[in-house]
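# Architecture and fold: a report
The lines below spell out each chain.
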Amino acid sequence: MLDKYITPVIKPLLIPVVALMHRRGITPDQLTVIGFLIGLLAVPLIAFEMWYAALTAITLNRILDGLDGALARHANLSSSAGGFLDITLDFLFYAAIPLGFILANPEQNAIAGSILLATFIGTGSSFLAFAIAAEKFKLDKPQFKYKSFYYLNGLTEGTETIALFIAFCIWPQHFTIMASIFAAACAITIFTRIHGGYNTLKLQEPDKVTQANES
């Protein structure tokens, strides 16, 4: 929900940093992989209840995630392969953080964490499934011109998810209630994406729809 407002503000601030990285020969894919590995460090840190160390790993992951795309555009290295790597590792990172909290306190966090992971699968699959079809029909993406993939916006996107992870680390004792509330918001996002995506794609094939109705 907030990505389309925050992303255009943040991207110009990254230009001096990515220009320096480009001169040093750093590639976008290198940043993507390094950021992912740093993000994964949050899992054992959370499991051992090292909350602020985990928060640092999460923050560094998100900074590098912003820098890899900015570097790709700056160096004219944007590619489908890079976009695929970025989004795949992003979703693995998103799934890993709730897992860390489940490991930290299985008795308290397992149910809420599992529900949250299930809804993450729903938001991720609706995101990527629509992107595949959108590419087929060459749909424009005016709201997300900085993204490698077209996707339908929703109530829970990257900005909201990272805010949730930060809240988890600051108030870990409230993980269950926060995870449950966010899972409900994810469920709304899943419904709106399925509904909006289906109707958007249905409009792309009017001839087939007409033939089906006439037969």
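See the structure printed just above.
Only a predicted model underlies this, so the values are computations on that prediction, with no experimental measurement involved.

### Focus on empty space enclosed by the protein
As enumerated under the stated definition, the model contains 1 cavity of 30 Å³ or more in all. Roughly 80 Å³ of internal volume is contained in the largest cavity. Contributing to the lining of the largest cavity are L31, T32, G35, F36, N61, R62, L64, D65, D68, D86, L89 and D90. Mapped by element, the contributors of at least two residues to the lining of the largest cavity are α3 (28–40), α5 (51–74) and α6 (80–104).

### Examining the environment of A95
On the secondary structure map, A95 appears in helix α6. Judged by relative accessible area, A95 falls into the partly exposed class, the value being 30%. A95 sits 26 residues away from I121 along the chain, and the two C-alpha atoms are 8.5 Å apart.

### Observations regarding the packing of aromatic side chains
Enumeration according to the criterion identifies 12 aromatic pairs in this entry. Between the aromatic rings of W51 and F101, the centroid separation amounts to 5.6 Å while the plane-to-plane angle is 5 degrees, which identifies the pairing as stacked. Linking W51 in helix α5 with F101 in helix α6, this pair joins segments that are 50 residues apart in sequence. Relative to F127, the ring of F91 has its centre 5.4 Å away and its plane inclined at 80 degrees; by these criteria the two rings are edge-to-face. A residue pair is termed long-range when its members are at least 10 positions apart, and F91 in helix α6 and F127 in helix α7 (residues 106–136) qualify at 36 residues. Through a chain of ring-to-ring contacts, three or more aromatic side chains come together here, namely W51, F91, F93, Y94, F101, F120, F127, F165, F168, F175 and F182.

### So, the nonpolar core
Most often, soluble globular proteins keep nonpolar side chains buried together rather than apart. I46, F93, I97, F101, L116, F165 and F168 are the most contacted members of the largest nonpolar core, which has 30 residues in total. Taken together, the elements giving at least two residues each to this core come down to α4 (42–47), α5, α6, α7, α8 (158–170) and α9 (175–202). Sequence-distant contacts of L116, defined by excluding residues within four places in its chain, comprise P98, L164, F168, A179, F182 and A183. Listed in part, the 8 residues of the second largest apolar core include M21, L64, A70 and L71.

### Regarding the environment of L164
If you trace the backbone, L164 turns up in helix α8. Residue classification places L164 among the buried residues on the basis of a relative accessible area of 8%. Spatially, the C-alpha atom of L164 lies 9.5 Å from that of F175, the residues being 11 residues apart in sequence. With sequence-adjacent residues up to four places away left out, L164 is seen in contact with L116, M178 and F182.

Each value, and the rule that gives it
- Residues numbered from 1 in each chain as written.
- Predicted model: local features only at pLDDT ≥ 70, side-chain atom pairs only at ≥ 80, totals over all residues.
- Heavy atoms only, no water.
- 1 Å grid on protein atoms, 1.4 Å probe; cavity = no way out; pocket = protein on both sides within 12 Å on 5 of 7 lines; lining within 4 Å.
- Points joined across faces, edges and corners; volume = space filled by probe spheres on them.
- Helix = DSSP H or I, 4+ residues; strand = E, 2+ residues; numbered from the N terminus.
- Buried < 20%, exposed > 50% of the residue type's maximum accessible area, 1.4 Å probe, protein only.
- Phe/Tyr/Trp six-rings, centres within 6.5 Å; stacked < 30°, edge-to-face > 60°.
- Core = buried A, V, L, I, M, F, W, Y, C linked by side-chain atoms within 4.5 Å.
- Contact = heavy atoms within 4.5 Å.

Remember, this is a structural readout, not a statement about activity or role.
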